Amino acid sequence: MKESELKPQKPEKDYSKYFDFSDAKVLSRDENTTTYRIKGRIVNINSAPDHKQEKKRGKEDIEVHYDFSIPEELRTMGIGKRYLIQTYGCQMNEHDTEVMRGMFEQMGYVSTDDRKAADVILLNTCAIRENAEDKVFGELGHLKTLKTEKPDLLIGVCGCMSQEESVVGRILQKHAFIDLLFGTHNIHRLPHLLQSAYFSKELVVEVWSKEGDIIENLPKKREGMRAWVNIMYGCDKFCTYCIVPYTRGKERSRRPEDVIAEVRELARQGFKEVTLLGQNVNAYGKDFEDIQYRFGDLMADMSKIDIPRVRFMTSHPRDFDDHLIEVLATRGNLVEHIHLPVQSGSTEILKRMSRKYTREAFLTLSDKIKAAIPDVMLTSDIIVGFPGETDEQFEDTLTLVKEVGFDFAYSFIYSPREGTPAAGMEDNVPLEVKKARLQRLNDLLAANAREKNEQLRGQIVEVLIEGESKNNASVLSGRTRTNKLVHLEGPKEWIGSFIQARVTEAQTWYIKAEALEKPAQEAAV
Ligand code: SAH
Ligand code: SF4
Ligand code: F3S
């Protein structure tokens, strides 16, 4: 199947139901594209996000496409041109950026960090909280000035914000100076979309709402010694506060043989660490109809690959089964770090978040993990100020954090997201209360982190040296197997090596250590 045939949905021809186009005029419609004039700007819409489609989870087969390639005629499009991608949000987005970088470079573009030198600028956006979106709208304001100075500059918006009807509407009304708007399901269309934007000089909008497909063999431009590998896409959990199931589509797993082949290749290229990515990696394989193969099985296969460290992000407490714990307890290259977002310590709030586990179930799970892997580092995500959260329910979160003893957690103030069930709940916790709760939680998390780091003093840890410390070139920085940041003195030739080191000092967010030996020639496993 040709890449151009991958289009999963018949395009709508009339987009007026999605957006307020009161001042827009339809210029033409054909099978693929509706062309509007909006405030003097010509806009070609190939497809636009549709929340109704995004909510649907069909049973249709997931198709895996192995024949992606950039057509010959587009492979010279970027010669002499520079691209810049600004990335917001999670590792999933960071990794999508690596894929887009791969495509840009196959088209002859070179990368730049200098906006003034760039011929194409893409904003790969995040929709998780309102402040993430505000940053992007602020940035669009700056880019408008740049575009006025340099009219040939192509500006594109992609990523999770593009999958939201309201955002697309707002961009078309207020930021129509951009040239390109595409979603998370049609990243592989980048070469064609760039070509259309260059060719027409008009704004091209193409956001597919629903995607049952997996595209293999996309080029990827990775850097450094740590690599991300997608094992699955999308999310079917529909936590009531969260936009991700709408922006990333239904859960679909890559075939095990494709994941294993990619990790083997990364090992061959000399990468020291891989992080397996998915919104909830322990749902991996649930969608396979022909084989019984789950995340525990994949981790068992990972442990047989000659790559020093394997991590994963993010696991969901609900699907964390005993087999997975058993496999992780075998250690080897499977490191002792589990990111396990709890969100709240109150069973009532968890219920309204639709997390499908109770406080007690979470505590039982963390005890089980600690019993199997006593030196495990548990980290988490926590939301404060969910609609209706009482003081007492917030206290439940604090006591859970103390009881589990997370080494680290990302903490957030609840942010209503249009179209999610929680956005319809009464957001009755005043902002000052939310801020005060966040402060108390952060103080507790910092105290926990410090205490955990103190416990490491005198212990010997394996550090993967990643680079020079930002503030002091004679100090190197690296990570333990548990992902703790370590500073230690040593020559920069050690960068990329594993060093055994004794912990000498504990700070809240990092530890200091002294090297015990020179690194081995080969990376230690
Ligand atoms: N798939 C991951 C999380 C992805 S989003 C998981 O389920 O664990 C990362 C984190 O952002 C979430 O864990 C949650 O803590 C936070 N988050 C998501 N939606 C939010 C919202 N509307 N307001 C505040 N925080 C939110
Ligand atoms: Fe969002 Fe929940 Fe899915 Fe995580 S599991 S991405 S929080 S809906
Ligand atoms: Fe943001 Fe999308 Fe990731 S909303 S957190 S970039 S999946």
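On a predicted model such as this, the values are computed, not experimentally measured, just so you know. (Residues numbered from 1 in each chain as written. Chains lettered and ligands numbered in written order. Predicted model: local features only at pLDDT ≥ 70, side-chain atom pairs only at ≥ 80, totals over all residues. Heavy atoms only, no water.)

### Quick word on the site of ligand 1
Rules: By convention in this text, a residue qualifies as near a molecule or strand provided that one of its non-hydrogen atoms is within 4 Å of it. Here a polar contact is taken to be a pair of N or O atoms separated by no more than 3.5 Å, where protein atoms must pair a possible hydrogen donor with a possible acceptor and residues adjacent in sequence count only if both atoms sit in side chains. Starting at the N terminus, helices and strands are each numbered in turn, a helix being any DSSP run of H or I of at least four residues and a strand any DSSP run of E of at least two. By the convention adopted, Pro, Cys, Tyr, Trp, Phe, Met, Ile, Leu, Val and Ala count as nonpolar, Lys, Arg, Asp and Glu as charged, and the other residues, Gly among them, as polar.
Inspection of the region around ligand 1 gives 15 residues, with Gln-279, Pro-341, Gln-343, Asp-381 and Ser-415 positioned closest. One of the backbone nitrogen or oxygen atoms of Tyr-241 is found 3.0 Å away from a nitrogen atom of ligand 1. Interatomic distance of 3.5 Å between a side-chain N/O atom of Arg-355 and an oxygen atom of ligand 1. Contributing elements (two or more residues each) for the shell around ligand 1: β18 (377-384) and β19 (408-413). In the shell around ligand 1, the residues fall into seven nonpolar, four polar and four charged.

### Here we look at the packing of aromatic side chains
The test is simple: Working definition: a ring pair exists when centres of Phe, Tyr or Trp rings (six-membered ring for Trp) sit within 6.5 Å. Plane angles under 30 degrees give stacked, over 60 give edge-to-face, the rest tilted. Throughout this description, buried means an accessible area under 20% of the type-specific maximum (1.4 Å probe, protein chains only), exposed means over 50%, and partly exposed covers the range between. Charges are assigned to positions over rings by a cutoff of 6 Å between ring centre and Lys NZ or Arg CZ, combined with an angular limit of 35 degrees from the ring normal.
Applying the stated criterion to the full structure yields twelve aromatic pairs. An angle of 75° between the planes, with centres 6.4 Å apart, marks the rings of Tyr-284 and Tyr-293 as edge-to-face. For the pair Tyr-284 and Tyr-293, one class covers both residues: buried. Ring geometry for Phe-408 against Trp-509: centres 5.8 Å apart, planes inclined by 85°, an arrangement best described as edge-to-face. Of this pair, Phe-408 sits in strand β19 while Trp-509 sits in the loop between β23 (498-506) and β24 (511-515); the two residues are 101 residues apart in sequence, bridging distant segments of the chain. Exposure remark for Phe-408: the relative accessible area of 27% places this residue in the partly exposed category. The class of Trp-509 is partly exposed, set by a relative accessible area of 48%. Grouped by ring-pair contacts, the aromatic residues Tyr-83, Phe-104 and Tyr-109 constitute a single cluster. Over the ring of Phe-137 we find Arg-170; its NZ or CZ atom is 3.5 Å from the centre of that ring.

### Here's the deal with the domain arrangement of the protein chain
Keep this limit in mind: Reported domain spans reflect what an automatic or database domain assignment gives. Whether two residues are in contact is decided by their heavy atoms, any of which lying within 4.5 Å being enough. As used here, buried area is the combined drop in accessible area, with a 1.4 Å probe, of two parts when they are placed together. Each salt bridge in this description consists of a side-chain nitrogen of Lys or Arg and a carboxyl oxygen of Asp or Glu lying within 4 Å of one another.
Partitioning the protein chain into domains gives domain 1 (3-206), domain 2 (228-454) and domain 3 (460-523). For domain 2 and domain 3, the distance between their C-alpha centroids amounts to 27 Å. Contact with domain 2, which involves 22 residues of that partner, is made by 18 residues of domain 3. Each partner contributes to the roughly 1600 Å² buried at the junction of domain 2 and domain 3, and carbon and sulfur atoms together form 52% of this total. Asp-407 is the salt-bridge partner of Lys-484, the closest N and O atoms lying 2.9 Å from each other. At the junction of domain 2 and domain 3, the tally comes to 13 residue pairs in polar contact (both at pLDDT 80 or more).

### Things to note about the pairing of strand β2 (residues 34-38)
Consecutive side chains along a regular strand alternate between the two faces of the sheet. Basically, it comes down to this: Any two strands with at least two DSSP bridges between them are considered paired.
β2 sits mainly inside the fold: four of its five residues count as buried. Inspection of the sheet shows strand β1 (residues 24-29) paired to β2 by five bridges, in the antiparallel sense. Paired with Lys-25 across the bridge in β2 is Arg-37. In this antiparallel pair of consecutive strands, β1 and β2, the connection spans four residues. Sheet topology note: the β2/strand β3 (residues 41-47) ladder contains five bridges and is antiparallel. What sits directly across from Tyr-36, in β3, is Val-43.

### Quick word on the nonpolar core
Note the cut-off: By convention a nonpolar core is built from buried Ala, Val, Leu, Ile, Met, Phe, Trp, Tyr and Cys residues, the set being connected through side-chain atoms within 4.5 Å.
In this structure, Leu-276, Phe-295, Leu-298, Met-299 and Met-302 are the most contacted members of the largest nonpolar core, which totals 67 residues. When residues no more than four places from it in sequence are discounted, the contact partners of Phe-295 are Ile-231, Leu-276, Val-281, Asn-282, Tyr-284, Phe-312 and Leu-324. Core analysis: the next-biggest nonpolar cluster, separate from the first, contains 40 residues, Ile-38, Ala-48, Leu-181 and Ile-243 among them.

### Notes on the confidence of the model for the protein chain
Note the following rule: A residue's pLDDT is simply how confident the predictor is in it, with values from 0 to 100.
When pLDDT is averaged along the protein chain, the result is 92; 95% of the residues meet or exceed 70. Counting contacts from residues 1-5, a segment whose pLDDT is below 50, to residues more than four positions away or on other chains yields nine contacts.

### Points about the sheet that holds strand β17 (residues 337-339)
As a reminder, the rule being used: Only C-alpha atoms enter the line fits that serve as axes; for helices the fit covers just the stretch in contact. Angles between N-to-C directions range over 0 to 180 degrees.
Taken in spatial order, the three strands make up an open sheet running β17-β18-β19, and their pairing is parallel. A single partner strand is all that each edge strand has here, and the edge strands are β17 and β19. Across this sheet, the average inter-strand angle for adjacent strands is 10°, counted without regard to direction. In this sheet, β19 lies alongside β18 in parallel orientation, the contact comprising six bridges. The residue of β19 that forms the bridge with Val-384 is Ile-413. In the packing of helix α13 (residues 431-456) onto the sheet, contacts are made with β18 and β19, and the angle to β19 comes to roughly 175°.

### Thoughts on the sheet that holds strand β7 (residues 120-125)
On the basis of which strands lie adjacent, the open sheet formed by nine strands has the order β1-β2-β3-β10-β9-β8-β7-β5-β6 and mixed pairing. Taken across any chain shown, the strands that pair with only one partner, and hence form the sheet edges, are β1 and β6 (110-111). As judged from the five bridges shared by strand β5 (residues 82-87) and β7, these two strands associate in the parallel manner. Looking at β7, one finds that Ile-85 is bridged to Leu-122. Its contacts with the sheet put helix α2 (residues 91-106) on β5, β6, β7, β8 (154-159) and β9 (180-182), and the angle it makes with β5 is roughly 175°. Sitting on the sheet, helix α3 (residues 130-149) touches β5, β7 and β8, and the angle it makes with β7 is about 170°.

### A closer look at unusual backbone geometry
Cis geometry is found at the peptide bond from Met-313 to Thr-314, where omega equals -10°. Looking at the secondary structure, you find Thr-314 in the loop between β16 (309-313) and α9 (322-328). Residues other than glycine seldom take positive phi values, yet Arg-331 does so here, at roughly 60°. Secondary-structure assignment places Arg-331 in the loop between α9 and β17. Look at Ser-354: it is not a glycine, yet its phi comes out positive at around 60°. If you trace the backbone, Ser-354 turns up in the loop between α10 (347-352) and α11 (359-372).

### Observations concerning the pattern of salt bridges
Going through the model one piece at a time under the given rule, you end up with 38 salt bridges. Across the pair Arg-254 and Glu-216 runs a salt bridge, and its minimum N-O distance is 2.8 Å. Here Arg-254 is found in the loop between β14 (252-253) and α7 (256-268), whereas its partner Glu-216 is found in the loop between β11 (213-215) and β12 (226-230), with 38 residues between them in sequence. For the pair formed by Arg-254 and Glu-216, the shared burial category is buried. Between Glu-466 and Arg-226 there is a salt bridge; the shortest N-O distance is 3.1 Å. You can see Glu-466 sitting in strand β20 (residues 460-468) and its partner Arg-226 sitting in strand β12, a full 240 residues away along the chain. On the accessibility criterion, Arg-226 (29% relative accessible area) is partly exposed. Three or more residues are tied together by salt bridges with common partners; here these are Arg-226, Glu-273, Arg-309, Arg-311, Glu-462 and Glu-466.

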